[in-house]
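# Coordinate analysis (summary)
Spelled out, the chains give:
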Amino acid sequence: MKKILTILTITFVFYNTHAQDKINWISFEKAIALNKKNPKPILVGIYAEWCGFCKKMDLQTYADKTIIKAINDNYYAVKLNGEEKKDIVYKNHTFKYQKKGKKGFHELPVALMNGKLSYPTTVFFSKEGTKIQSVSGYLKKQKFEKVLAYFAEDAYKNTKWKVFEKMYKGKL
């Protein structure tokens with residue numbers, strides 16, 4: 001009995017220390033569905049397979065333990081390929097892949113980025129499901145932590161970014 005308890009304890013500790021080793025990425029549709037049941041802000045990381053800064057953000061920013069914890073604790077996280085081939089239904093509209101030349105683009109990321117394809121881009125939705133803002137470009141972990149806090153804490157509602165950025169003390 002003592003051995004079983006020891007094994008269970010070790011398993012529990014191991015699971016909890018490794019539970020936040022990576023971001024819990026889910027599909028866009030699943031995030032929208034989960035948000036309806038249990039409202040929580042949504043973060044959409046838009047990327048392209050060929051994008052060097054997207055890969056750098058994956059390896060450096062999204063791999064940081066503080067960022068992982070902040071995203072997993074405060075957001076439904078979606079990783080969305082800007083060149084996704086499958087249809088995505090959102091707000092009673094079917095967004096599709098559009099072939100253009102040798103490559104193409106998916107209509108949903110284009111809509112979320114207001115028609116300006118720029119990779120990587122992070123789009124934030126409120127817990128009410130409304131798009132708040134998109135943030136284009138590679139973000140280092142220190143800056144991204146502030147951006148995550150700004151939207152997770154609803155500071156964007158009554159505090160200008162520059163003021164929040166100066167006041168932020170790393171408490172997310």
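Numbering of residues starts from 1 in each chain and follows the order in which that chain's sequence is written. In view of the model being predicted, local features appear only for residues whose pLDDT reaches at least 70, and side-chain atom pairs are presented and counted only at 80 or more, with totals across whole chains, interfaces and linings using the full set of residues. Water and hydrogen atoms play no part in the side-chain values, which are based on all heavy atoms of the structure.

### So, the nonpolar core
For soluble globular proteins, nonpolar side chains are generally found buried alongside one another. Side-chain atoms within 4.5 Å link the members of a nonpolar core, which is a set of buried Ala, Val, Leu, Ile, Met, Phe, Trp, Tyr and Cys residues. To sort residues, take the accessible area from a 1.4 Å probe on protein chains only and compare it with the maximum for the residue type: under 20% means buried, over 50% means exposed, and anything in between is partly exposed. With 23 residues, the main nonpolar core has Phe 28, Val 44 and Leu 112 as its most contacted residues. Numbering of helices and strands runs from the N terminus, with a helix taken as a DSSP run of H or I at least four residues long and a strand as a DSSP run of E at least two residues long. Those elements giving two or more residues to this core turn out to be helix 2 (28-37), strand 2 (42-47), strand 3 (76-81), strand 4 (88-90), helix 5 (107-112) and strand 8 (121-125). For this core, the element with the most residues is strand 2, which contributes four residues. In this description, contact between two residues means that some pair of their heavy atoms is separated by no more than 4.5 Å. Leave out the neighbours within four places in its chain, and Val 44 touches Phe 28, Val 78, Leu 80, Leu 112, Thr 121, Thr 122, Val 123 and Phe 125. With 22 residues, the next largest nonpolar core counts Tyr 62, Ile 68, Ala 155 and Phe 164 among its residues.

### Side note on the state of the cysteines
Cysteine sulfur atoms are paired as a disulfide whenever they fall within 2.5 Å. Throughout the structure, instances matching the rule amount to one disulfide. Put simply, Cys 51 and Cys 54 are joined by a disulfide, and their sulfur atoms are 2.4 Å apart. Residues Cys 51 and Cys 54 are joined through a disulfide that is right-handed, its torsion about the S-S bond being 85°.

### A word on the pattern of salt bridges
Pairing of side chains with opposite charge becomes possible as their charged atoms draw close. A pairing counts as a salt bridge when a side-chain nitrogen of Lys or Arg comes within 4 Å of a carboxyl oxygen of Asp or Glu. The full count for this structure, using the stated rule, is eight salt bridges. In this structure, Asp 21 engages Lys 65 in a salt bridge whose closest nitrogen and oxygen atoms are separated by 3.6 Å. Taken together, the residues span a long stretch of sequence, with Asp 21 in the loop between helix 1 (2-18) and strand 1 (25-26) and Lys 65 in helix 4 (residues 65-74) at a distance of 44 residues. Relative accessible area serves as the criterion here: at 58%, Lys 65 is assigned to the exposed category.

### Section: empty space enclosed by the protein
Taking a probe equal in size to a water molecule and rolling it over the atoms shows the remaining empty space. The pocket and cavity definitions rest on a 1 Å grid over protein atoms only: a 1.4 Å probe that fits but cannot leave marks a cavity, an open set with protein on both sides within 12 Å along at least five of seven lines marks a pocket, and residues lining either have an atom within 4 Å of a point. Grid points are joined across faces, edges and corners, and a volume is the space filled by probe spheres set on the points. Applying the stated criterion across every chain, the model contains two cavities of 30 Å³ or more. Taken as a whole, the largest cavity encloses approximately 40 Å³ of empty space. Gly 45, Ile 46, Tyr 47, Cys 54, Met 57, Asp 58, Tyr 62, Lys 79 and Pro 120 are the residues that line the largest cavity. Those elements giving two or more residues to the lining of the largest cavity turn out to be strand 2 and helix 3 (52-61).

### A look at helix 6 (residues 141-152)
Residues spaced three or four apart along an α-helix face the same direction, because each turn holds 3.6 residues. The end-to-end C-alpha separation of helix 6 is 16 Å, in line with the 16 Å expected for twelve residues at 1.5 Å each. Structurally, helix 6 contributes buried residues whose contacts are with strand 2, helix 3, helix 4, strand 8, strand 9 (131-136) and helix 7 (161-167). After helix 6 finishes, the residue Asp 154 shows a positive phi value of roughly 60°. A helix is expected to span 1.5 Å for every residue after the first.

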